[in-house]
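Descriptive analysis of the structure
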Amino acid sequence: MNGMARDDLAGRTAVVTGGSSGIGRACATALAEAGARVLIGDLDELPENTDRFGELGIATQRCDVRHESEVAGLLDRAAEETGQLDILVNNAGIGMVKPISDVSEEDWDNCLDINLKGAFFGCKHAVRHMSGRGGAIVNMASNAGLLPRVSDPVYSISKGALVALTKALALCHAADRIRINAICPGPVGDTRMMEAGLAEFSDREAAEQMFIAASPLANALGRMIDPTEVAAAALYLVSDGAAMVTGTMIAIDGGKALGVPPRDS
Ligand code: NAD
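Residues numbered from 1 in each chain as written. Predicted model: local features only at pLDDT ≥ 70, side-chain atom pairs only at ≥ 80, totals over all residues. Heavy atoms only, no water.

Some details on the side chain of S20
As for its position among the elements, S20 is in the loop between β1 (13–17) and α1 (22–33). Engagement of the side chain of S20 in a polar contact is seen with the backbone oxygen of D44, the distance being 2.5 Å. Excluding residues that lie within four positions of it along the chain, S20 makes contacts with R25, I40, D42, D44, E45, L46 and N49. (Helix = DSSP H or I, 4+ residues; strand = E, 2+ residues; numbered from the N terminus. Polar contact = N/O pair within 3.5 Å; in protein donor to acceptor, adjacent residues only side chain to side chain. Contact = heavy atoms within 4.5 Å.)

In structure tokens form, the structure reads like this:
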């Protein structure tokens with residue numbers, strides 16, 4: 001239950017993009033467990049979610065965050081069905097592990113359109129519904145948005161820009177009582193993004209250990225970060241306890257952003 005009482009978000013309406021798997025699914029589940037009415041927008045609707053989402057009353061809609069009309073339609077549906085929109089988690093994202101010499105214009109557009117423009121569309125249309133009554137937006141950035149990485153420069157650019165978007169819009173919409181924050185996770189296991197990354201290596205086990213070793217706490221605990229540990233930060237950021245928190249980044253990365261490598265590496 002992530003430390004929140006069951007009804008702390010009762011009466012609130014929440015939308016989560018990219019909520020069919022990994023971190024987004026953990027956020028949607030945690031929000032619903034805390035009492036919110038949740039609508040997920042994702043490219044994929046996975047059959048494995050049907051039972052759990054049914055129990056929690058989580059609704060789903062196919063949505064490609066690259067298209068403004070689809071994001072606007074998702075948020076309009078949530079607001080029309082419940083009369084309000086209180087929470088948005090802009091979580092949909094993809095990785096892009098390539099040197100820039102291998103990044104095509106199409107690759108660039110796809111990465112920036114999903115990771116950055118999709119969150120822009122989310123903020124733009126959430127503000128339309130939240131103005132006058134307030135609300136909370138969480139953008140799922142990345143450790144790569146705080147410290148660019150040599151392995152995935154375009155992904156790092158997209159997440160660095162998402163951090164900038166978060167700060168700029170937090171400033172613009174504080175007067176509307178809309179709080180906008182970001183989470184910078186990594187490395188998070190049990191996600192399709194991480195599984196796809198590990199599948200690129202011939203020795204999956206060694207690759208997993210490499211990701212773990214790059215994060216001081218993950219290294220100390222001998223495991224990756226769990227999606228529920230990222231969802232706990234999202235729950236805090238949308239809660240009334242964070243009423244004075246806006247424009248911040250919470251790193252759920254086991255200390256990776258400190259830039260201090262584990263002693264034995
Ligand atoms: P994931 O692949 O399990 O989840 C991403 C979800 O986004 C999927 O359900 C996917 O279908 C959806 N999606 C992709 N493109 C979309 C589009 N155009 N429109 C709508 N939905 C779309 O991976 P995850 O790790 O849970 O990723 C969630 C977020 O967390 C991403 O923004 C990612 O960049 C970020 N993140 C992940 C890690 C990690 O280590 N896994 C670390 C830092 C940040």
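So, the nonpolar core
Core analysis: the biggest nonpolar cluster contains 35 residues, and L9, L31, V38, I58, I183 and V230 have the highest contact counts within it. Listing elements by their share of this core, those giving two or more residues are β1, α1, β2 (37–42), α2 (50–56), β4 (87–90), β5 (135–140) and α9 (227–238). Other than its neighbours up to four places away in sequence, V38 contacts A14, V16, A28, L31, A32, G57, I58 and A59. V71, L74, A78 and V127 belong to the second largest nonpolar core, which has 30 residues in total. (Core = buried A, V, L, I, M, F, W, Y, C linked by side-chain atoms within 4.5 Å. Buried < 20%, exposed > 50% of the residue type's maximum accessible area, 1.4 Å probe, protein only.)

Overview of the sheet that holds strand β6 (residues 178–185)
Strand order in the open sheet formed by 7 strands is β3-β2-β1-β4-β5-β6-β7, and the pairing between neighbours is parallel. One side of each edge strand has no neighbouring strand; the edge strands of this open sheet are β3 (59–62) and β7 (249–252). On average, each strand axis in the sheet is inclined to that of its neighbour by 20°, with strand direction left out of account. Direction of pairing for β6 relative to β7: parallel, over a ladder of 4 bridges. Within the sheet, the bridge partner assigned to C184 lies in β7 and is A251. Its contacts with the sheet place α9 against β4, β5, β6 and β7, and it is angled at close to 165° to β6. (Pairing = 2+ DSSP bridges. Axes fitted to C-alpha atoms, helices over the stretch in contact; angles between N-to-C directions.)

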